[in-house]
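# Structure at a glance
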Amino acid sequence: MFNPVKSIADLKIGEKATICCFKDEEMSLKLLEMGCLPGTEIKMSCKAPFGDPVCIRVSGYALSLRKEEAATIMIQQ
Amino acid sequence: MKTSAKIALIGNPNSGKSSLFNQLTGLNQKIGNFPGVTVDKKTGVCRLDSSASIQVIDLPGTYSLYPKSPDEKVVMDIITNPLDASYPDLVVVVVDASSLNRNLLLFTEIRDLGLPLILALNMLDIASREGISIQTSVLQNTLQVPVVGINARTGEGIEDLKAIIHTSLQKLPKPALQLESSFVNTQALAPEIVSGIKERFGVHNDYLAMHYAHQGKNLAFLSNDDKSHIEQLKQKYNFKHSLLQAKETIARYERINLILDNAVKKPDSEEKDNIDTRVDKILLHPVWGYALFLTILFLIFQAIFAWASYPMDLIDAGIAAVNEFLKTSLPESMLVSLLTDGLIAGIGGVLIFIPQIAILFAFIAILEESGYMSRVVLLMDRVMRKFGLNGKSVVPLISGVACAVPAIMATRNIDNWKERLITILVTPLMSCSARIPIYTILIALVVPDEPVLGILNLQGVALMGLYLLGFVAAILSAWLMKLVLNIKGRSYLIMEVPAYRMPRWKNVGLTIIEKVKAFVLEAGKIIVAISIVLWVLASYGPSDKMEKAETTVKLENPTLSGQALEDKIGSYKLENSYAGHFGKFIEPVIRPLGYDWKIGIALLTSFAAREVFVGTLSTIYSVGSEAENTDTIKERLRKETDPKTGLPLYTPALAFSLLVFYAFAMQCMSTLAIVYRETNGWKWPMIQLIYMTGLAYLSALIVYTLLK
């Protein structure tokens, strides 16, 4: 079984990954709503100075989230 | 067709909903409040053709029917309650065609509630630029609602939309019925509770019944009895809110993706966002990003201070001319005085700020329209978070430089209540434009007009210092409140970042009108009302000295005549009025700060609006009406001596103590009123008043004691 250890917060600009699951239930409801579904491909598109918040491409639009929020979205690459 | 049918616009934030609202209604807009909450309610009238017109309601933007803020809750409250005054006959769901699957989530939810719908595909131009092609007819067949392509920015397709609204309204089905096919089978998700609620409340729609369970406690129209019944049902059937919401959302996206597979063709490559990515690399750069932001801030301040002064001088002169005309053409009486010195002076005090507010919101609207404002939020979030604020607090703090009233209204898009409250509480510490007259005259009095470091002017540096002081006080207070306030709630910044685009000037114009209107109505009525109260306090007194003022002054100063005599009488009257007595009454309290009872009067009168301070001083030192120009007042203040020591009263110590006092003190009724409205009670405005006055008093005391 695949063991998710990496989260979106670990991606570099331009890197792609597929969402695998969430670490935080409350946050996951909000993220699901915004189109971050397990199995969706995302791409790290930009980062604010010092890497926080970050900005990802998902479902055809740009979504920004804080690094600690990004860290609740586990990925497989 | 129903007369005055109601249609509601619903959509995600940034879907172009407000642009569409502007296209449909133009200037026929009214901004009010939804009952009981401080959420803007925008309604307008739209003419469908020469004979028919409809009422349009622009509901707050939301991503789903699971509300996370008071704004989003309004949407839920209205569309789940057929008895609500705003319940629409027809809903137009506005979606951003360039990110259709996320936008359709809300659409399927509203569709499952059984409301009659039209789907408006907005931003098709952006979608096609990104290589996305949407087959509207396929979409229309699968979704089983009318689908119309529009461009809310250019007005393209608006006539088609109006025609479809017109025909749809003529064949309205009965609302809130169970649909033959819904996007998600609610019955399967939570069968028992859905049946239980349908039975008890007579609800026909499964999905609506499930929302009774999800939102139970929060639905405004349910009685306490109903709410506790729902709670019992939830207990009984072990209703798992989060799990069901997650399951439902995932099921919806599965359906949406199936539908879109047939109706939408998307390119595999993603060339399109590369330009934005490259621009973002510069605009979010640790050096260039901040440098550009600072440059824009500088430009905004330059505009507020330098460019706005021309229209402001015109308004000032206009009001003075009207007053002068009324005073000379009408017989002298208390009523004329009330009209000119009370009412018109009060209205003038409101109108004078319109240019600055208009210019500031022109900039903010352009920055928001172009997509840059979201980048500012990203740039500032990390720093602001340390102080208990949010990236989104930047806009209110900048706006506070013009006026705290619209600034505090701009805090509404901060999701987290604690961060929003802190932003509301500290924004009035930013030096607003009403402080400028006080700053200028006192600085001119005690700071020499000479160059420093070759290019800077010492007076300019002092003024800048006061702005910086306000900003530092705001930031540090925020940090203090972050530690002290015990409010739970998770802070997050999950935010859509819009693509860069050219601003639409029509939207910019309408934003300016909206903000100016809000300021005039919100702040205006309070400033005018307080001006009248203060006029009464300054025109009447407890003893008969007021009536005998003229004879007394003439007796004491037999040589005076003309303007000088009138000024002396005015000053004598003010001293013996209620305001004068108040000034003497509070003198012991303000004495440690270096102020005498005359300044006490000015502190009282400037409570309506700070800029009244200078006007009161000119009356009290009987420089009279000729003293419109600063130099006269300045000269007069310089001559004022302390009766106890015989030395000049306006020493640098006193002036700096006053400057610091005005930088920090609340001294603004309109701000208190707006905070009352935004926080739904007197608790926070009172805390804010006490905090700011306390901070002002202590700081002024320290400054005076150190410099004395």
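Residues numbered from 1 in each chain as written. Chains lettered and ligands numbered in written order. Predicted model: local features only at pLDDT ≥ 70, side-chain atom pairs only at ≥ 80, totals over all residues. Heavy atoms only, no water.

- If you look chain B up in an unreviewed UniProt entry, it shows as Ferrous iron transport protein B from Rhodocytophaga rosea.
- Note on chain B: under the UniProt heading Sequence similarities (unreviewed entry), the record states "Belongs to the TRAFAC class TrmE-Era-EngA-EngB-Septin-like GTPase superfamily. FeoB GTPase (TC 9.A.8) family."
- Checking UniProt for chain B, the heading Function (unreviewed entry) contains the comment "Probable transporter of a GTP-driven Fe(2+) uptake system." (UniProt positions renumbered as here; feature names shortened; annotations may be inferred.)

- Per an unreviewed UniProt entry, chain A is named Ferrous iron transport protein A, and its organism is Rhodocytophaga rosea.

## A word on the UniProt feature "transmembrane region" (unreviewed entry) in chain B
All names here are of chain B.
- Those residues carrying the UniProt feature "transmembrane region" (unreviewed entry) are residues 287–308, 343–367, 387–409, 421–446, 519–538, 653–676 and 688–707 in this numbering.
- The span residues 519–538 shows a helical share of 100% and a strand share of 0%, and its end C-alpha atoms are spaced 27 Å apart.
- Spanning residues 688–707, this segment combines 100% helix with 0% strand, and its end C-alpha atoms are found 28 Å apart. (Helix = DSSP H or I, 4+ residues; strand = E, 2+ residues; numbered from the N terminus.)

## Remarks on the UniProt feature "domain: Ferrous iron transporter FeoA-like" (unreviewed entry) in chain A
- When the UniProt feature table is mapped onto this chain numbering, "domain: Ferrous iron transporter FeoA-like" (unreviewed entry) sits at residues 6–77 of chain A.
- Along residues 6–77 of chain A one finds 18% helix and 42% strand; the C-alpha atoms at either end are 9 Å apart.

## Comments concerning the pattern of salt bridges
Residues and elements named next belong to chain B.
- A complete count under the given rule lists 24 salt bridges over all chains for this structure.
- Between R252 and E248 there is a salt bridge whose closest N-O contact spans 2.8 Å. Pair noted here: R252 and E248 are both in helix α11 (residues 241–263), with a separation of 4 residues, about one helical turn.
- What makes R252 buried here is its relative accessible area of 1%. (Salt bridge = Lys/Arg side-chain N within 4 Å of Asp/Glu carboxyl O. Buried < 20%, exposed > 50% of the residue type's maximum accessible area, 1.4 Å probe, protein only.)

## Notes on the domain arrangement of chain B
Residues and elements named next belong to chain B.
- Each assigned domain of chain B is listed with its residue range as follows: domain 1 (6–171) and domain 2 (186–256).
- Using only C-alpha atoms to locate each centre, domain 1 and domain 2 end up separated by 25 Å.
- Of the residues lining the interface, 17 residues belong to domain 1; the matching set on domain 2 comes to 18 residues.
- Contact between domain 1 and domain 2 buries roughly 1600 Å² in total, counting both sides, with carbon and sulfur atoms accounting for 64%.
- Scanning the region where domain 1 abuts domain 2 turns up 1 salt bridge.
- The residue D112 makes a salt bridge to R252 at a minimum N-O spacing of 2.9 Å. (Domains from an automatic or database assignment. Contact = heavy atoms within 4.5 Å. Buried area = accessible area lost by both parts, 1.4 Å probe.)

## Let's talk about helix α27 (residues 597–605) of chain B
Residue and element names in this part refer to chain B.
- The element α27 is extensively covered by neighbouring structure, given that 9 of its 9 residues are classed as buried.
- Among the residues making up α27, those that are buried are W597, K598, I599, G600, I601, A602, L603, L604 and T605.
- Contacts from the buried residues of α27 go to α23 (505–539), α25 (562–576), α26 (578–590), α28 (612–620) and α30 (652–664).

## A closer look at the packing of α27(B) against α28(B)
All names here are of chain B.
- Running from N to C, α27 and α28 cross one another at 140°; their axes reach a closest spacing of 8 Å. When you trace α27 past α28, the crossing you get is right-handed. Residues W597, K598, I599, I601, A602 and T605 of α27 touch α28, and the partners they reach there are V612, F613, T616, L617 and I620.
- The class makeup of the residues in the contact of α27 with α28 is 8 nonpolar, 2 polar and 1 charged. (Axes fitted to C-alpha atoms, helices over the stretch in contact; angles between N-to-C directions. Left-handed = near helix turned anticlockwise from the far one by under 90°. Nonpolar A, V, L, I, M, F, W, Y, C, P; charged D, E, K, R; others polar.)

## With respect to the interface of chain A and chain B
- Every contact between the two is made by 34 residues of chain A and, on the other side, 41 residues of chain B.
- Summing both partners gives a buried area of about 3500 Å² for chain A against chain B, and 58% of it is carried by carbon and sulfur.
- Scanning the region where chain A abuts chain B turns up 4 salt bridges.
- Among the ionic pairs, R66(A) bridges to D381(B), the shortest N-O distance being 2.8 Å.
- Where chain A meets chain B, there are 11 residue pairs in polar contact (both at pLDDT 80 or more).
- Looking at the side of chain A that touches chain B, the elements with two or more residues in it are α1 (25–33), β3 (41–47), β4 (54–58) and β5 (61–65) of chain A.
- Among the elements that take part in the side of chain A that touches chain B, α1(A) stands out by supplying 8 residues, more than any other. (Polar contact = N/O pair within 3.5 Å; in protein donor to acceptor, adjacent residues only side chain to side chain.)

## Digging into a nonpolar patch on the surface
- A surface patch of nonpolar side chains, amounting to about 350 Å² of accessible area, comprises M334(B), V536(B), Y540(B) and Y578(B).
- Along the polypeptide, Y578(B) turns up in helix α26. (Patch = residues over 30% accessible without salt bridge, like charges linked within 9 Å, V, L, I, M, F, W, Y side chains within 5 Å. Areas by Shrake-Rupley, 256 points an atom, 1.4 Å probe, with all protein chains shown as cover.)

## What about helix α20 (residues 417–426) of chain B?
Residue and element names in this part refer to chain B.
- Within α20, 9 of the 10 residues are buried, which leaves the element mostly enclosed by the surrounding structure.
- All of the buried residues in α20 are K418, E419, R420, L421, I422, T423, I424, L425 and V426.
- As for α20, its buried residues are in contact with α18 (394–399), α19 (404–409), α22 (458–484), α31 (669–679) and α32 (683–707).
- N-cap assignment for α20: the residue whose side-chain oxygen lies 3.0 Å from the backbone N of K418 is N416.

## Remarks on the nonpolar core
Residues and elements named next belong to chain B.
- Formed by 124 residues in total, the largest nonpolar core has its most connected members in F293, Y595, F613, Y650 and F661.
- Tallying contributions element by element places α30 first for this core, with 10 residues.
- Beyond its immediate sequence surroundings of up to four residues, F613 is in contact with I438, I599, A602, S606, L658 and Y662.
- Counting 62 residues, the second-largest nonpolar core is a separate cluster that includes M76, V93, L100 and I259. (Core = buried A, V, L, I, M, F, W, Y, C linked by side-chain atoms within 4.5 Å.)

## Here we look at the confidence of the model for chain B
All names here are of chain B.
- Mean pLDDT over chain B stands at 85; residues scoring 70 or higher make up 95%.
- Within chain B, the element-level pLDDT minimum falls on strand β2 (residues 29–33), averaging 69, and the maximum on α32, averaging 95.
- Interface predicted TM-score (ipTM) for the complex: 0.91; the corresponding pTM is 0.81. (pLDDT = per-residue confidence, 0-100.)

## Structural notes on the pairing of strand β6 (residues 117–122) of chain B
Residues and elements named next belong to chain B.
- Burial within β6 is extensive, with 6 of its 6 residues counted as buried.
- Alternating positions in β6 separate into two faces, L117, L119 and L121 on one and I118, A120 and N122 on the other, with burial throughout.
- Pairing of strand β5 (residues 90–96) with β6, which is carried by 6 bridges, proceeds in the parallel orientation. Among the inter-strand pairings, V93 is bridged to a residue of β6, identified as L119.
- You can see the chain leave β5, run along helix α3 (residues 100–112) and come back into β6, and the turn it takes is right-handed. (Pairing = 2+ DSSP bridges. Right-handed = clockwise from strand over helix to strand, strands pointing away.)

## What to know about the packing of aromatic side chains
- Applying the stated rule across the entire model yields 9 aromatic pairs over all chains.
- Taken together, the aromatic side chains of Y595(B), F613(B), F661(B) and Y662(B) make up a single cluster linked through ring pairs. (Phe/Tyr/Trp six-rings, centres within 6.5 Å; stacked < 30°, edge-to-face > 60°.)

## Description of the packing of helix α1 (residues 17–25) of chain B against helix α6 (residues 158–170) of chain B
Residues and elements named next belong to chain B.
- Closest axis-to-axis distance for the α1/α6 pair is 11 Å, and the angle between their directions is 80°. Our classification of the angle between α1 and α6 gives roughly perpendicular. Contact residues: L20, Q23 and L24 in α1; I158, L161 and K162 in α6.
- Looking at side-chain class alone, the contact of α1 with α6 contains 4 nonpolar, 1 polar and 1 charged residues. (Parallel < 35°, antiparallel > 145°, perpendicular 65-115°, else oblique.)

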